[in-house]
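Close look at the chain arrangement
Chain by chain, the residues:
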Amino acid sequence: MSTVKYNSTPPIFRNNPLVFILCVAALVAAGVLSVDMPELVLLVLALCIPVWLFLYVKSKANRLMITDAEVVYEKGLLAKSRTEIGLRSIRAMRIKQSFVQRILGIASVEFFSAGDVAEIVVWGMPNPHRIRQLVER
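Below, the structure is looked at part by part.

Before going further, it helps to examine the overall build of the chain. A tally of regular secondary structure across the chain gives five helices and seven strands. For the chain, the α and β elements follow one another from N to C terminus as β-α-α-α-β-β-β-β-α-β-β-α. Whereas a compact globule of 137 residues would reach a radius of gyration of roughly 14 Å, the chain reaches 19 Å, over 25% beyond that. With 137 residues in all, the chain has 35% of them scored as buried. Restricting the contact set of the chain to residue pairs at least 6 apart, pairs at least 24 apart contribute 47%. Split by element, the accessible area of the chain, about 8,600 Å² in all, is 63% carbon and sulfur.

As structure tokens, this is what we get:
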């Protein structure tokens, strides 16, 4: 049985900070204006809650695991897709970070075993340099 060294899903807030800030700002604005229009708070909640639920489900549908023998990427909630690459088979790894992603501590991570096309591409993973350290060992 292999030991799991890394097991994570993309973080919801760090991958979508603008959506969260806009929803919170809309809730605050609706709260301030609720004296004149009390139904405005319900309307904003009716819009924000489905967005947050969608982002939560989207985040939990992707999982990256690194064990002492392989890298495993699972995608999907009801129908699952699972890709496994042995650590010895990984030829290269690419980490892509924008300026905002660097500030938030997330990155897109790509794993290559053969050829020029990445076998595993995961967007918005936390601690990308820890992932690199675990794979390089």
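A cluster of nonpolar side chains, namely Val24, Val28, Val32, Leu33 and Met37, defines an oily patch on the protein surface of about 430 Å² accessible area. As for its position among the elements, Val28 is in helix H2 (residues 17–33).

A few words on the nonpolar core. Leu64, Val71, Phe111, Ile131 and Val135 are the most contacted members of the largest nonpolar core, which has 19 residues in total. Breaking this core down by element, the ones donating at least two residues are strand S2 (62–67), strand S3 (70–75), strand S5 (92–96), strand S6 (106–112), strand S7 (120–126) and helix H5 (128–136). In this structure Leu64 touches Tyr6, Asn7, Ser8, Val71, Val72, Tyr73, Phe111, Val122, Met125 and Ile131, once residues within four positions along its chain are discounted.

With that out of the way, let us pick up the pairing of S7. Among the seven residues in S7, five count as buried, and that is most of the element. With five bridges joining them, S6 and S7 adopt antiparallel strand pairing. Its bridge partner being in S7, Ala107 is matched across the sheet by Met125.

Once that is clear, we can look at the environment of Leu45. Residue placement: Leu45 occurs in helix H3 (residues 39–60). Taking the C-alpha atoms as reference, Leu45 lies 30 Å from Ala107; in sequence the two are 62 residues apart. Once residues within four sequence positions are removed from consideration, Leu45 is found in contact with Leu27 and Pro50.

Another point: the sheet that holds strand S4 (residues 81–86). Read across the open sheet, the four strands follow the order S1-S2-S3-S4; overall the sheet is antiparallel. The open sheet has two edge strands, strand S1 (4–8) and S4, and neither has a second partner. Across the sheet, the axes of successive neighbouring strands diverge by a mean angle of 10°, strand direction being ignored. Two strands pair when backbone bridges link them, and S2 and S3 are joined in this way by five bridges, in the antiparallel orientation.

Cut-offs and rules
Residues numbered from 1 in each chain as written. Predicted model: local features only at pLDDT ≥ 70, side-chain atom pairs only at ≥ 80, totals over all residues. Heavy atoms only, no water. Helix = DSSP H or I, 4+ residues; strand = E, 2+ residues; numbered from the N terminus. Rg over C-alpha atoms; globule rule 2.2 N^0.38 Å. Buried < 20%, exposed > 50% of the residue type's maximum accessible area, 1.4 Å probe, protein only. Contact = heavy atoms within 4.5 Å. Areas by Shrake-Rupley, 256 points an atom, 1.4 Å probe, with all protein chains shown as cover. Patch = residues over 30% accessible without salt bridge, like charges linked within 9 Å, V, L, I, M, F, W, Y side chains within 5 Å. Salt bridge = Lys/Arg side-chain N within 4 Å of Asp/Glu carboxyl O. Core = buried A, V, L, I, M, F, W, Y, C linked by side-chain atoms within 4.5 Å. Pairing = 2+ DSSP bridges. Axes fitted to C-alpha atoms, helices over the stretch in contact; angles between N-to-C directions.

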